[in-house]
Amino acid sequence: MENTYNPAEIESKWQQSWTEQNLYKTDTTITKPKFYALSMFPYPSGNLHMGHVRNYVITDVVARHKRMQGHRVLHPMGWDAFGLPAENAAIERGIHPATWTYQNIAHMRGQLQKLGLSIDWDREVATCSPEYYRWTQWIFLKFYEGGLAYQKDGMVNWDPIDQTVLANEQVDGNGRSWRSGAIVEKKALKQWYFKITEYAEQLLTDLDQLSGWPERVRTMQANWIGKSIGANLEFPIVGASEKITVFTTRPDTVYGVSYVVLAPEHPLTVQVTTSDRKAAVDAFIAEVKSQSEIDRTAEDKPKRGVPTGAMAINPFTGAEVPIWIADYVLYEYGTGAVMGVPAHDVRDFKFAKQYQLPITQVIAAPAQDPSNLAPLTAAYTEAGTIVNSSQFDGLDSVTAKQSIIEYAEQHGYGNGKIQYRLRDWLISRQRYWGAPIPMIHCPNCGTVPVPEADLPVRLPEDVEFTGKGGNPLAQLESWVNVPCPNCGTPAKRETDTMDTFVDSSWYFLRYPDAGNDEQIFDPKITNDWMPVDQYVGGIEHAVLHLLYARFFTKIVRDFGAGDGGKTKLLNFDEPFKHLLTQGMVQSTTYQNPQTGKYIDPATVLDRAHPTDPVTGSALEVTFDKMSKSKYNGIAPEQVIGKYGVDTARMFILFKAPPEKDLEWDDADVEGQFRFLNRVWRLVMGVKPATTSISGELSKSEKDLRRFIHHAIQAITEDLDGDYQFNTAVSELMKLSNAITDADCKDSPVYAEGIETLLILAAPFAPHMTEELWQLTGHTGSIHEQSWRQFDPAALVADEITLVIQVMGKTRGTIQVPATKDSATLEAHARESEITKKFTEGKEIKKVIVVPGKLVNFIIG
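Please read these numbers as outputs of a predicted model, since none were measured by experiment.

Chemist: What is the right way to look at the sheet that holds strand β16 (residues 414–420) in this model?
Modeler: Each strand in a sheet pairs with another by means of backbone hydrogen bonds, the pair being arranged parallel or else antiparallel. Strand order in the open sheet formed by three strands is β9-β8-β16, with antiparallel pairing between adjacent strands. Of all strands in the sheet, those with a lone pairing partner are β9 (243–248) and β16, marking the two edges. Neighbour-to-neighbour, the strand axes of the sheet open up by a mean angle of 30 degrees, direction not taken into account. Examined bridge by bridge, strand β8 (residues 227–236) and β16 share seven bridges and lie antiparallel to one another. Looking at the pairing, Asn232 lines up with Asn415 of β16. Across the sheet, helix α12 (residues 397–411) touches β8 and β16, and the angle it forms with β16 is around 125 degrees.

Chemist: What's the story with unusual backbone geometry in this structure? I'm lost.
Modeler: One can expect most non-glycine residues to show negative phi and most peptide bonds to be in trans. Cis geometry marks the peptide bond from Leu455 to Pro456; its omega dihedral reads 5 degrees. Relative to the assigned elements, Pro456 resides in the loop between β20 (446–449) and α13 (477–480). Of note in this structure, Tyr631 is not a glycine but carries a positive phi near 60 degrees. Of note, Tyr631 is situated in the loop between β28 (620–625) and α18 (636–643). Of note in this structure, Tyr723 is not a glycine but carries a positive phi near 55 degrees. Of note, Tyr723 is situated in the loop between α21 (699–720) and α22 (725–741). With relative accessibility at 8%, the residue Tyr723 sits in the buried group.

Chemist: What is the right way to read the packing of helix α5 (residues 130–145) against helix α17 (residues 544–559) from this model?
Modeler: Helix packing for two helices is described by the angle between their axes and how far apart those axes are. Axis separation between α5 and α17 bottoms out at 11 Å; the angle between their running directions is 70 degrees. Regarding the angle of α5 to α17, the classification is roughly perpendicular. In this structure, α5 meets α17 at a crossing whose hand is left-handed. On α17, the residues that touch Trp138, Ile139, Lys142 and Phe143 of α5 are Phe551, Phe552, Ile555 and Phe559. Split by residue class, the contact of α5 with α17 holds seven nonpolar, no polar and one charged.

Chemist: Can you help me understand the nonpolar core in this one?
Modeler: In summary, soluble globular proteins display a tendency toward joint burial of nonpolar side chains. Membership of the largest hydrophobic core comes to 177 residues, with the highest contact counts inside it found for Met50, Phe140, Phe194, Phe508, Phe551 and Phe764. Those residues in contact with Phe194 that sit more than four places away from it in its chain are Phe140, Phe143, Leu148, Ala149, Asp424, Trp425, Ile427, Val502, Phe551 and Phe552. Grouped together as the second largest cluster of nonpolar side chains are 38 residues, Leu233, Val260, Met339 and Val341 included.

Chemist: What is the right way to read the layout of surface pockets from this model?
Modeler: If you roll a probe as big as a water molecule over the atoms, it shows you where there is empty space left. Taken as a whole, the second largest pocket encloses approximately 1,200 Å³ of empty space. Forming the walls of the second largest pocket are 38 residues, and the residues nearest its centre are Tyr328, Tyr333, Val338, Asp345 and Arg347. Breaking the lining of the second largest pocket down by element, the ones donating at least two residues are β9, α10 (293–297), β13 (337–340), α11 (346–355) and β16. Looking at which element gives the most residues to the lining of the second largest pocket, the answer is α11, with six residues. Counted by class, the lining of the second largest pocket contains 14 nonpolar, twelve polar and twelve charged residues.

Chemist: Explain the packing of aromatic side chains to me, please; I cannot follow it from the model alone.
Modeler: Each aromatic ring pair is characterised by the separation of its centres together with the angle its planes make. This structure, assessed with the given rule, holds 43 aromatic pairs. Measuring from centroid to centroid gives 4.9 Å for Trp324 and Tyr355, while their planes differ by 55 degrees, and the two rings are tilted. With Trp324 in strand β12 (residues 320–326) and Tyr355 in helix α11, this pair connects stretches of sequence that are 31 residues apart. Judged by its relative accessible area of 7%, Trp324 falls in the buried class. Centroid distance Tyr723 to Phe725: 5.7 Å. Interplanar angle 10 degrees. Geometry classified as stacked. Accessibility assignment for this pair places Tyr723 and Phe725 in one class, buried. An aromatic cluster is defined as three or more aromatic residues linked by ring pairs; in this entry it consists of Phe140, Phe143, Tyr144, Trp192, Phe194, Tyr199, Trp425, Phe501, Tyr548, Phe551 and Phe552. Residue placement shows Arg72 over the ring face of Trp529; its charged tip is 4.8 Å from the ring centre.

Procedures and definitions
Residues numbered from 1 in each chain as written. Predicted model: local features only at pLDDT ≥ 70, side-chain atom pairs only at ≥ 80, totals over all residues. Heavy atoms only, no water. Pairing = 2+ DSSP bridges. Helix = DSSP H or I, 4+ residues; strand = E, 2+ residues; numbered from the N terminus. Axes fitted to C-alpha atoms, helices over the stretch in contact; angles between N-to-C directions. Contact = heavy atoms within 4.5 Å. Buried < 20%, exposed > 50% of the residue type's maximum accessible area, 1.4 Å probe, protein only. Parallel < 35°, antiparallel > 145°, perpendicular 65-115°, else oblique. Left-handed = near helix turned anticlockwise from the far one by under 90°. Nonpolar A, V, L, I, M, F, W, Y, C, P; charged D, E, K, R; others polar. Core = buried A, V, L, I, M, F, W, Y, C linked by side-chain atoms within 4.5 Å. 1 Å grid on protein atoms, 1.4 Å probe; cavity = no way out; pocket = protein on both sides within 12 Å on 5 of 7 lines; lining within 4 Å. Points joined across faces, edges and corners; volume = space filled by probe spheres on them. Phe/Tyr/Trp six-rings, centres within 6.5 Å; stacked < 30°, edge-to-face > 60°. Lys NZ or Arg CZ within 6 Å of the ring centre and 35° of its normal.

Shape descriptors only; they carry no functional weight alone.
Following this line, the structure appears as structure tokens:
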């Protein structure tokens, strides 16, 4: 074995040894600086692919490096284990969701362990475990106690055949149920919400604290929160006592309102519609119900509407304007009504042109003559001068916004308003496999919280999964029917379960004290480890998961430890100090462009000219994100079985910067395997040095030592800075080549190079470096060694290569002492044979010296 690199034997040996040694048990030595390294935990779908591997290997390299730098490191793992797929598996396979989930967890845990990850498995959590969701329910009760959890009617996707609520992802592009094929309806059901809007301003302003996050993620979060400064304006309805309230960020355009639009779902729609318009309005409402929110608001789709027959009054002009309903206005957003100002809004302009509605310009471009305005050919959306707006004419539009708001407030037409795009978080799910909402509905007492002492409210096991008839929990009377905890009257449990985003919004707070049976966590322990120093996960979680995690952190911080406010559970505002959003791993896909179907590569015989094995049609070949449905997932076992774990890790880290997408390439995997074999042969040919470095070093020794310490400096910067793992691996390759080429193999410097190469490579290729560390006579694990520090003196060269130029053209190079000043460099250059040859017989008029680099002679 010592002569041949055998990754399978080495890796199984050391993984067992590390487990026996408890090598990765979390160090709790309080005097050491802490480092919390965390990957977003996976959903236990059953199998990892190389995309998952990239996420966890990145975090593992960071964790290993920080340990070697002297930190105590928390590097845990768990499972985001509730959710719809497990329930679907129960329906399709006839297996209980818990059985399916825990089988998958066991399999994926084994896959992760084979990757040699330095995870402390003693801190493992699974969100579907009663020991975990007990505290998810406890958090819900705290939300409810603080007025941050409430019920209200909300619009849901309803399958009229299966009689069940569908998630958005269960509705296809044609508005049909994925299972029954029925046209999905919008239905109002009582739902549970978290009042995230209460924290909208904090969530927005605290983004300034997150300097360690990618700018685009912060921008995405800010846009999702969507702070708008404007006004609520009220338009009285002709012949009725009600008023239509609209929110607008452009009160400066109010004199240009030519119509008002209600959402089809708005309660006023039914009230204001005239009898002669009722049939058309009802038909339009029914049609809109089948559309998804995305379809209704898509920019590239025409906006449609119908008049209600009713009129509203623009309070600023006294003019009557028609009331319409349109598909692009959503009741859940803003006030569910908008004012139509076609002259100054692109969408309104198109709508007005389509339905021949008036267009009144009230803002003129700075260069326009307000007294001679030509009809608009497109909406004017920029700032300008107010026109056709009574006493506000002549004001610039920015000033006019505030003036019109003040006028509205003085006359009772409305008021200034700050509004957010962010909506309260609907957490109800009419499904079984989720954390039960710990509430009881009593006919006498109303909605009553389950007492904390009765947590967890456990999911019953004797449930049937048919896919029909709604939530399986609601069918189980033995579980639903309970006495009211307040008065003892027969009552019913809440049968909705929580959105899985709730489970993943606080798991990082549990890891530091995962085994605590008495409380959600010990504040002293969790505050010691938090916030997470480095969080790693996909860009697809840039908005919702990260926003909800930030929200939960602020809530838990505020509601305290239950001792009357004396103790705060958390003493920080933000959960993740630094965020790395790794790119996707992409691999080859084969798709039939005629059918749109993806083809299994195993059935494609000619990869150079691929055709569909069934139809014979030519296939399109692309790189795409790994996916089972596209037949392009690459299982870790495929790579590990052939090349070993360390090769898979090295490829993942070398192929692309971590934030960029990575294209899978078997040839590049083979290249990393060859590199590790070269390192193996290099190190196996070395005898451990018996003497330390001392005395005067030869030129070969100095050159090698300079390579060694440059590598230490460069790789340390790559791992401490922006995690440029690809350039760090490149430096390892350069160091390996320098050691191979060095002409001082019996020198202690050479031995220093071998040791340094192994230590620097240890976070990347942990198994091979551990084996070579032992084989070169060292004791103790390489992963417990101290990270090398570079010696600045070793980086200083005795000589430098000086470029000789004549008239800006390079003529050759010479070796000169490294520490000489400009005058001395010029003297060395003048004395060189190169300069004499190319300036002979010519006058040197000027000399340009770039210290440490070149001397340029200007001749006449």
